[in-house]
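Understanding the architecture of this molecule
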Amino acid sequence: MKAILESLSAQIENWGMVWFGLIFLGSIFNEFSLFNSLNISAFNINLFPYLLGLMFGLVAKYRGRWI
């Protein structure tokens, strides 16, 4: 159990910016996309805003800082 918790902690530590971009920024971009009249989603959740947030997170991880 201790090894699992250490592994999870290390993963969050190393990939924190990516998770932040995916979850937080993706949610914000998704809310802005709801104002778009071309929104064709049954649950008002599009994939593109989350992919955009993921890209921002990956760029931030590999640059070492946010854009």
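A short tour of the structure in this document, coming up. (Residues numbered from 1 in each chain as written. Predicted model: local features only at pLDDT ≥ 70, side-chain atom pairs only at ≥ 80, totals over all residues. Heavy atoms only, no water.)

Concerning a nonpolar patch on the surface
- Taken together, the side chains of Phe20, Phe24, Ile28, Phe32, Phe35 and Trp66 make up a nonpolar region of the molecular surface, amounting to roughly 660 Å² of accessible area.
- With respect to the helices, strands and loops of the structure, Ile28 is situated in helix 1 (residues 2–33). (Patch = residues over 30% accessible without salt bridge, like charges linked within 9 Å, V, L, I, M, F, W, Y side chains within 5 Å. Areas by Shrake-Rupley, 256 points an atom, 1.4 Å probe, with all protein chains shown as cover. Salt bridge = Lys/Arg side-chain N within 4 Å of Asp/Glu carboxyl O. Helix = DSSP H or I, 4+ residues; strand = E, 2+ residues; numbered from the N terminus.)

Structural notes on helix 1
- If you look at helix 1, its biggest bend is around 75 degrees, right at Trp15.
- By the burial criterion, the buried members of helix 1 are Val18, Gly21, Leu25, Gly26, Asn30 and Ser33.
- Those residues of helix 1 that are buried lie in contact with helix 2 (47–63). (Bend = angle between axes of the 7 residues up to and from the residue. Buried < 20%, exposed > 50% of the residue type's maximum accessible area, 1.4 Å probe, protein only. Contact = heavy atoms within 4.5 Å.)

Regarding the packing of aromatic side chains
- For the coordinates displayed, the defined rule picks out two aromatic pairs.
- Taking the centre distance of 4.9 Å and the plane angle of 25 degrees together, the rings of Phe20 and Phe24 count as stacked. Pair noted here: Phe20 and Phe24 are both in helix 1, with a separation of four residues, about one helical turn.
- Residue Phe20 is classed as partly exposed on the basis of its relative accessible area of 40%.
- Relative to Phe56, the ring of Phe29 lies with its centre 5.8 Å away and its plane at 45 degrees, an arrangement referred to as tilted. Taken together, the residues Phe29 in helix 1 and Phe56 in helix 2 connect sequence positions 27 residues apart. (Phe/Tyr/Trp six-rings, centres within 6.5 Å; stacked < 30°, edge-to-face > 60°.)

With respect to the packing of helix 1 against helix 2
- Two numbers describe how helix 1 lies on helix 2: the axes approach to 7 Å, and their chain directions differ by 150 degrees. Here helix 2 runs roughly antiparallel to helix 1, going by the angle between their axes. When the axes of helix 1 and helix 2 are compared, the crossing they make is right-handed.
- Taken together, the residues that form the contact of helix 1 with helix 2 break down as 15 nonpolar, eight polar and one charged. (Axes fitted to C-alpha atoms, helices over the stretch in contact; angles between N-to-C directions. Parallel < 35°, antiparallel > 145°, perpendicular 65-115°, else oblique. Left-handed = near helix turned anticlockwise from the far one by under 90°. Nonpolar A, V, L, I, M, F, W, Y, C, P; charged D, E, K, R; others polar.)

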